[in-house]
Amino acid sequence: MENADSDQQRRKLTKTLKPSWVFAIALGSSVGWGAFILPGDWIGESGPLGATIGLLIGAVIMMVIASSYGVMIKKFPVSGGGFTYAFIAAGKKWAFICGWFLSLGYISIVALNASAFSLLLKFLAPGFMKQGYLYSVAGWDVYLPEVLISSFIIIIFALINTTGTSVSGKMQFYFSILLVAGVVLLGLFTFDVAQNPMENIQPLFKGNQSILVSILVILAIAPWAYVGFDNVPQAAEEFDFSPRKATVLIVMSLFTSFLIYAVMIGLTAWTFPRTAGVDGNLWLTGDVIYSSLGLVGIIVMAVAIIMGIFTGLNGFYMSSSRLLFSMARARALPNVFRTMTKKSNVPVWGIWFVTVITLPTPWFGRQALSWIVDMSSTGVSVAYFFTCFAAYKVLAWGAEKAGREIAPIKKLLALIGMIASAIFLLLLLVPLSPASLTTPSYLLLLGWAILGLVFYGFIAKRYNSLDQEETEYYVLGKTIESEVENSEGAEDIVTSDNPILS
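A. Just the environment of Gly80, in detail. Inspection of the secondary structure puts Gly80 in the loop between helix 4 (48–75) and helix 5 (82–90). A C-alpha to C-alpha distance of 11 Å links Gly80 and Phe96, two positions 16 residues apart in sequence. Residues in contact with Gly80, not counting those within four places in the same chain, are Pro233, Gln234, Leu323 and Ser326.

B. View of a nonpolar patch on the surface. There is a patch of nonpolar side chains on the surface, built from Leu178, Tyr290, Leu295, Ile299 and Val303 and spanning about 490 Å² of accessible area. At four residues, the largest contribution of residues to the nonpolar patch is made by helix 14 (residues 284–329). Exposure remark for Val303: the relative accessible area of 35% places this residue in the partly exposed category.

C. Representation of the side chain of Thr361. Tracing the sequence through the fold places Thr361 in the loop between helix 15 (348–358) and helix 16 (365–394). Separated by 2.5 Å, the side chain of Thr361 and the backbone oxygen of Thr358 make a polar contact. Those residues in contact with Thr361 that sit more than four places away from it in its chain are Ala111 and Leu369.

D. Representation of the packing of aromatic side chains within the structure. Inspection of the entire model under this criterion finds 27 aromatic pairs. When the centroid spacing of 5.7 Å and the interplanar angle of 55° are considered together, the rings of Tyr106 and Phe316 count as tilted. One end of the pair, Tyr106, is in helix 6 (residues 92–124); the other, Phe316, is in helix 14, and 210 residues separate them in sequence. In this structure, Tyr106 and Phe316 share a single accessibility class: buried. With a centroid separation of 6.1 Å and an interplanar angle of 80°, the aromatic rings of Tyr392 and Trp397 are classed as edge-to-face. Through a chain of ring-to-ring contacts, three or more aromatic side chains come together here, namely Phe96, Trp100, Trp448, Phe455, Tyr456 and Tyr463. The side chain of Lys92 reaches across the aromatic face of Tyr463, ending 4.9 Å from its centre. A cation over a ring is seen here: Lys411 above Tyr392, with NZ or CZ 3.8 Å from the ring centre.

E. Structural detail: the environment of Lys75. Considering the arrangement of structural elements, one finds Lys75 in helix 4. Classification of Lys75 by relative accessible area gives buried; the value is 2%. Residues Lys75 and Ile450, 375 residues apart in the sequence, show an inter-C-alpha distance of 34 Å.

Parameters and conventions
Residues numbered from 1 in each chain as written. Predicted model: local features only at pLDDT ≥ 70, side-chain atom pairs only at ≥ 80, totals over all residues. Heavy atoms only, no water. Helix = DSSP H or I, 4+ residues; strand = E, 2+ residues; numbered from the N terminus. Contact = heavy atoms within 4.5 Å. Patch = residues over 30% accessible without salt bridge, like charges linked within 9 Å, V, L, I, M, F, W, Y side chains within 5 Å. Areas by Shrake-Rupley, 256 points an atom, 1.4 Å probe, with all protein chains shown as cover. Salt bridge = Lys/Arg side-chain N within 4 Å of Asp/Glu carboxyl O. Buried < 20%, exposed > 50% of the residue type's maximum accessible area, 1.4 Å probe, protein only. Polar contact = N/O pair within 3.5 Å; in protein donor to acceptor, adjacent residues only side chain to side chain. Phe/Tyr/Trp six-rings, centres within 6.5 Å; stacked < 30°, edge-to-face > 60°. Lys NZ or Arg CZ within 6 Å of the ring centre and 35° of its normal.

Listed below in structure tokens is the structure:
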């Protein structure tokens, strides 16, 4: 393997991220506008307790999957996330497939958060936002202010991310503090002003369906509700601390995310009786806050929502650019995505590529964008599956696999995570499931898959020209043989031909 040529040198990211910043990346990316906009819908579908239980079970399942992320981050603290882990689990072709769909998922969530900011302004200042009508897409009226504001937000966060992780990481931390503080204040004050909070939340489940169905309806959206904690492995190469802390940070962020969801569902239900005439409103949670706390409450919630949107934008800008960088480093994308700024050492063209791709999306309207986001959830679930698969392969039940870490509990969790990820995929892809994709989403998924095949046809020769040792070097930073030689007490993994383990 030739490393003398600068083009052959493996480019590295700078270690600048503190534990608190990484926690904020996971939390802020997981909790977005949905925690504030959708509780009314969830209560209508499942009842307040049904929705809360569904999200709690979803958080626990995500924690099980997070265990596998922690295993892989500890052993391979490099960027790439699902792309890297799919390579370890199943080889180069599956790595490309996983990276291709995961990149769409990350980029589309950047676009979704930008449009969510305009959506919030439509609620807060409808007179201003509904000027300059342009056209309608799938029943959604597109106005000039929402296009301009969403585009401005996209560009601003691109500029922030080009300054380096030391800046974007600090901002993520402060945004997350404001987000959590806003939710705590809203929860405390609405509970305080409610006359009979425990009576108001009745009925606990939706009356015309079973408790199990009420829970499953919400559980099906768990991959979407908590997507974002998997931004942590994309930042693993930039940890300024031991990768062993990653599991705790991810689990803490997931638990905090659940608490935020639970509080927002709770205050939507406990503040007023369900018969108070607020159920038919477009934004039930907003109406509850305004009716109970007035303008001050709306301002507090608006700040919390904006922080949720900003943390999502910032977190997914970081993860999508790092994913593109790691794929380019493995020769799965053009070399330009490996380009880094000299001052801040960030993958600048990955950031601007995300910007160029997302800037046109506000012109398509919110409904069309939701189709892309819905189908891109499959990419996240695929990444979950391969991460758990990789962790399952690098761990051992007992001493029968010399060189692998003996961790039967973690290996069992990885197996459970694989099964859960497969179920999430089935819920998305099987037409009769409660969370199945819409017809436009199916068509877009098919189109993205065909585009991936075409693109793979162009890069296959270059991508596959690297032998196994070279690919391991570019993806992982070292060959598997060196990993085994450097492992402490034969803790890590052994080498084999396809691709990592026998």
